[in-house]
Amino acid sequence: MAFEDILSQILRAVRLTGSVSFCLSPSGDWQASAGPTMQKFGLVAGSAVPFHIIAEGSCWLKCDGQKIRLEEGDIVAFPFATPHQLGQGEGGVIIEPLNELPPPPWTSVPTVQVDGGCNPVRVLCGFLFCSALGFKPMTEHIPVVLHSKAADDASGWMKITIAQIEHEIAHSIDGSPIQERLTETMFLQMLRQEIDISTPVSKGWLAALSDPSLGKCIASIHRDPSFDWTIDELARVCGMSNSALSDRFMKQMDISPVRYVREWRLHQARIALAETQDSIANIGYDAGYGSEAAFNRAFSKTYGTPPATWRQSAQMKRLAAA
């Protein structure tokens with residue numbers, strides 16, 4: 001199975017969606033406010049990935065102590081919603097794009113226009129949503145900034161994708177299914193690029209996916225997490241011996257295959273607690289636990305708090321962000 005197929009399959013299983021939310025179109029010297037953009041959109045960190053597409057012009061990005069130059073055609077995404085700031089020049093006017101947006105609902109992608117004279121920039125700003133971003137084995141080795149450079153776009157996928165997104169913005173309403181698929185494809189390609197530039201000694205989830213055998217193993221787990229996965233079953237899927245699978249999985253992921261299954265099920269249970277009204281006993285059963293008490297113990301050991309307490313805290317945060 002090709003890497004793209006495995007990655008696409010896994011991310012679809014964890015509900016990856018996204019679209020452009022607004023367009024920022026300033027000129028002259030400027031800098032965007034580094035305020036809590038996600039909170040203003042009613043989003044909670046942990047599932048939303050902000051991204052920017054430089055559709056025209058160039059600007060700088062400040063994030064995690066770095067200053068990066070973004071050129072026309074570049075795409076940047078922030079898997080952990082790391083605070084960041086865009087700008088052009090030095091000491092320019094402070095822009096707070098969200099204060100300039102019309103009140104929702106929007107029938108089309110709105111544009112924040114700031115006329116400063118020369119050097120116009122057009123940035124498409126949006127969010128991807130991925131319920132798996134709180135799953136440590138998946139995210140431990142992903143960088144805080146994914147930067148795909150137009151200059152490195154030998155295959156032309158970025159240019160084509162950006163053109164398609166621009167076309168969709170011009171002809172469809174915000175959040176259309178086509179926009180969602182385009183931004184999903186964009187994120188898949190950015191992760192693919194991250195694999196391409198990794199070294200042979202790289203570790204972590206992305207590196208494991210690039211391994212044909214481990215990729216099949218991980219894809220099988222995510223495709224059917226409720227299945228009674230044993231090391232025997234996983235080794236059969238991979239075409240490996242039990243010991244070879246365990247050794248290779250541990251080397252790449254610092255976790256055993258069976259523990260990966262268990263932690264992924266608990267992560268799904270955490271999402272269910274936050275987003276549904278299903279009983280704790282049923283959620284625990286779906287996570288593979290025969291009793292509510294056993295589920296309580298496992299969840300508390302992993303997340304440091306009982307399921308009921310987690311649910312109450314998570315739902316209060318969702319209400320506060322609404």
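Our structure is the block above this text.
Residues numbered from 1 in each chain as written. Predicted model: local features only at pLDDT ≥ 70, side-chain atom pairs only at ≥ 80, totals over all residues. Heavy atoms only, no water.

Caption draft 1: Structural view of the overall build of the chain. Tallying secondary structure elements over the chain gives 14 helices and 11 strands in all. Counting the 322 residues in the chain, one finds 49% classified as buried. Long-range pairs, those at least 24 residues apart, make up 75% of the contacts in the chain between residues at least 6 apart in sequence. (Helix = DSSP H or I, 4+ residues; strand = E, 2+ residues; numbered from the N terminus. Buried < 20%, exposed > 50% of the residue type's maximum accessible area, 1.4 Å probe, protein only. Contact = heavy atoms within 4.5 Å.)

Caption draft 2: Just the packing of helix H11 (residues 257-275) against helix H13 (residues 292-303), in detail. At their nearest, the axes of H11 and H13 sit 11 Å apart, and the two run at 95° to each other. Compared by their axis directions, H11 and H13 come out roughly perpendicular. For the pair H11 and H13, contact is made by Glu 263, Leu 266, His 267, Ala 269, Arg 270 and Leu 273 and by Phe 295, Ala 298, Phe 299, Thr 302 and Tyr 303, respectively. Counted by class, the contact of H11 with H13 contains 7 nonpolar, 2 polar and 2 charged residues. (Axes fitted to C-alpha atoms, helices over the stretch in contact; angles between N-to-C directions. Parallel < 35°, antiparallel > 145°, perpendicular 65-115°, else oblique. Nonpolar A, V, L, I, M, F, W, Y, C, P; charged D, E, K, R; others polar.)

Caption draft 3: Local environment of the nonpolar core. Leu 245, Phe 249 and Tyr 260 are the most contacted members of the largest nonpolar core, which has 48 residues in total. Apart from the residues lying within four places of it in its own chain, the contact partners of Leu 245 are Leu 214, Cys 217, Ile 231, Leu 234, Ala 235, Cys 238, Met 240 and Pro 257. The next biggest cluster of nonpolar side chains, apart from the first, holds 21 residues, and it includes Phe 22, Trp 30, Val 112 and Val 121. (Core = buried A, V, L, I, M, F, W, Y, C linked by side-chain atoms within 4.5 Å.)

Caption draft 4: Here's a closer look at the environment of Ala 207. For Ala 207, the location among the structural elements is in helix H7 (residues 205-210). Residue class for Ala 207 comes out buried when judged on its relative accessible area of 9%. For the pair Ala 207 and Glu 194, spaced 13 residues apart in sequence, the C-alpha to C-alpha distance is 9.4 Å.

Caption draft 5: Local environment of the sheet that holds strand E9 (residues 111-114). Across the sheet, which stays open at both edges, the 6 strands sit in the order E9-E1-E10-E3-E6-E11 with mixed pairing between neighbours. Looking along the sheet, the strands with just one partner apiece sit at the ends: E9 and strand E11 (146-148). This sheet shows a mean twist of 20° between the axes of neighbouring strands, independent of strand direction. (Pairing = 2+ DSSP bridges.)

Caption draft 6: Local environment of the pattern of salt bridges. Here the structure, examined in full by the defined rule, presents 9 salt bridges. Put simply, Arg 69 and Glu 71 hold a salt bridge, and the shortest N to O gap is 3.9 Å. A salt bridge links Arg 236 to Glu 233; its shortest N-O distance comes to 3.0 Å. Pair noted here: Arg 236 and Glu 233 are both in helix H9 (residues 231-238), with a separation of 3 residues, about one helical turn. The exposure class of Arg 236 is exposed, given its relative accessible area of 58%. (Salt bridge = Lys/Arg side-chain N within 4 Å of Asp/Glu carboxyl O.)

Caption draft 7: Structural view of the pairing of strand E1 (residues 17-26). With 9 of 10 residues buried, E1 lies mostly within the body of the structure. With 4 bridges connecting them, E1 and E9 associate as parallel partners. Bridged to Ser 25 within E9 is Gln 113.

Caption draft 8: Layout of empty space enclosed by the protein. What the rule picks out here adds up to 2 cavities of 30 Å³ or more. Size it by volume and the second largest cavity reaches roughly 30 Å³. Taken together, Leu 146, His 147, Ser 148, Met 190, Gln 193 and Glu 194 form the lining of the second largest cavity. If you list the elements that add at least two residues to the lining of the second largest cavity, you get E11 and helix H6 (177-196). Taken together, the residues of the lining of the second largest cavity sort by class into 2 nonpolar, 3 polar and 1 charged. (1 Å grid on protein atoms, 1.4 Å probe; cavity = no way out; pocket = protein on both sides within 12 Å on 5 of 7 lines; lining within 4 Å. Points joined across faces, edges and corners; volume = space filled by probe spheres on them.)

Caption draft 9: Fine view of unusual backbone geometry. A positive phi is found at Ala 81, a non-glycine position, where the angle reads about 55°. Here Ala 81 is to be found in the loop between strand E6 (75-77) and strand E7 (84-88). Relative accessible area serves as the criterion here: at 16%, Ala 81 is assigned to the buried category. A positive phi angle is found at Asp 254, which is not glycine, with a value near 60°. Relative to the elements of secondary structure, Asp 254 occurs in the loop between helix H10 (242-253) and H11.

Caption draft 10: Local environment of the environment of Gly 57. With respect to the element layout, Gly 57 can be found in the loop between strand E3 (48-56) and strand E4 (59-63). Here the alpha-carbon distance between Gly 57 and Val 123, two residues 66 residues apart in the chain, equals 8.7 Å. Each residue touching Gly 57, except ones within four places of it in the same chain, is listed here: Glu 71, Glu 72, Pro 120 and Val 121.

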